[in-house]
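What follows is the residue order along each chain.
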Amino acid sequence: QVQLVESGGGLVQAGGSLRLSCAASGLTFSSYNMGWFRQAPGKDREYVAHISRSGGSTYYVDSVKGRFTISRDNAKNTVYLQMNSLKPEDTAVYYCATKRSPPNYGDSDPRGYNYWGQGTQVTVSS
């Protein structure tokens, strides 16, 4: 069955960096656009970024542009999220997900993603 497993979360001070990884199995990874979302306590799940099948196109929510970088390695069935200049408001559980094809919702709508990982906690202290 399809499995997405996130790792790399942790506690970091404001201004620090973390690199999240999401290892996929049970699917043809290179056939899927991949996304990252996050969810803070008491808030809705929020789109962060997504990347095309080849990795040639990337998209970000405005609040992380210039600080976060999404990338992928199709040979390793893994998508990454490099997070720099972290802020306390970045604190959340971060999830990776596969984008539905054909797309039937907007890029930032969680309903447009079908398989999800279990999440990894990122905590940024001030």
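Heads up: the structure comes first, above all this text.
Residues numbered from 1 in each chain as written. Predicted model: local features only at pLDDT ≥ 70, side-chain atom pairs only at ≥ 80, totals over all residues. Heavy atoms only, no water.

Asks: Sorry if this is basic, but what is going on with the nonpolar core here?
Replies: Side chains of nonpolar character tend, in soluble globular proteins, to be buried together. Counting residues in hydrophobic clusters, the biggest one holds 26 residues, and the most contacted among them are Trp36, Val79, Leu81, Met83 and Tyr94. Considering each element in turn, this core owes the most residues, four residues, to strand β3 (residues 18-25). Residues in contact with leucine 81, not counting those within four places in the same chain, are Leu18, Arg19, Leu20, Trp36, Val48, Phe68, Thr69, Ile70 and Tyr94. (Core = buried A, V, L, I, M, F, W, Y, C linked by side-chain atoms within 4.5 Å. Buried < 20%, exposed > 50% of the residue type's maximum accessible area, 1.4 Å probe, protein only. Helix = DSSP H or I, 4+ residues; strand = E, 2+ residues; numbered from the N terminus. Contact = heavy atoms within 4.5 Å.)

Asks: Could you clarify how one ought to interpret the pairing of β3 in this entry?
Replies: Side-chain positions along a regular strand alternate between the two faces of the sheet. Bridge analysis of strand β1 (residues 3-7) against β3 gives five bridges, and the strand direction is antiparallel. Within the sheet, the bridge partner assigned to serine 7 lies in β3 and is serine 21. As paired strands, β3 and strand β8 (residues 78-83) are joined by six bridges and run antiparallel to one another. Looking across to β8, one finds that serine 21 is bridged to tyrosine 80. (Pairing = 2+ DSSP bridges.)

Asks: Honestly, unusual backbone geometry in this entry has me stumped. Any pointers?
Replies: Among all residues save glycine, negative phi is the norm, and among peptide bonds the norm is trans. Between serine 101 and proline 102 the backbone carries a cis peptide bond, its omega angle lying at 0°. As for its position among the elements, proline 102 is in the loop between β9 (92-99) and β10 (113-116). One non-glycine residue with positive phi stands out, namely asparagine 77, at about 55°. Mapped onto the fold, asparagine 77 is located in the loop between β7 (68-73) and β8. Backbone geometry at serine 85 places phi at a positive 50°, although glycine is not the residue there. Among the secondary structure elements, serine 85 is positioned in the loop between β8 and β9. Accessibility expressed as a relative area gives 40% for serine 85, which makes it partly exposed.

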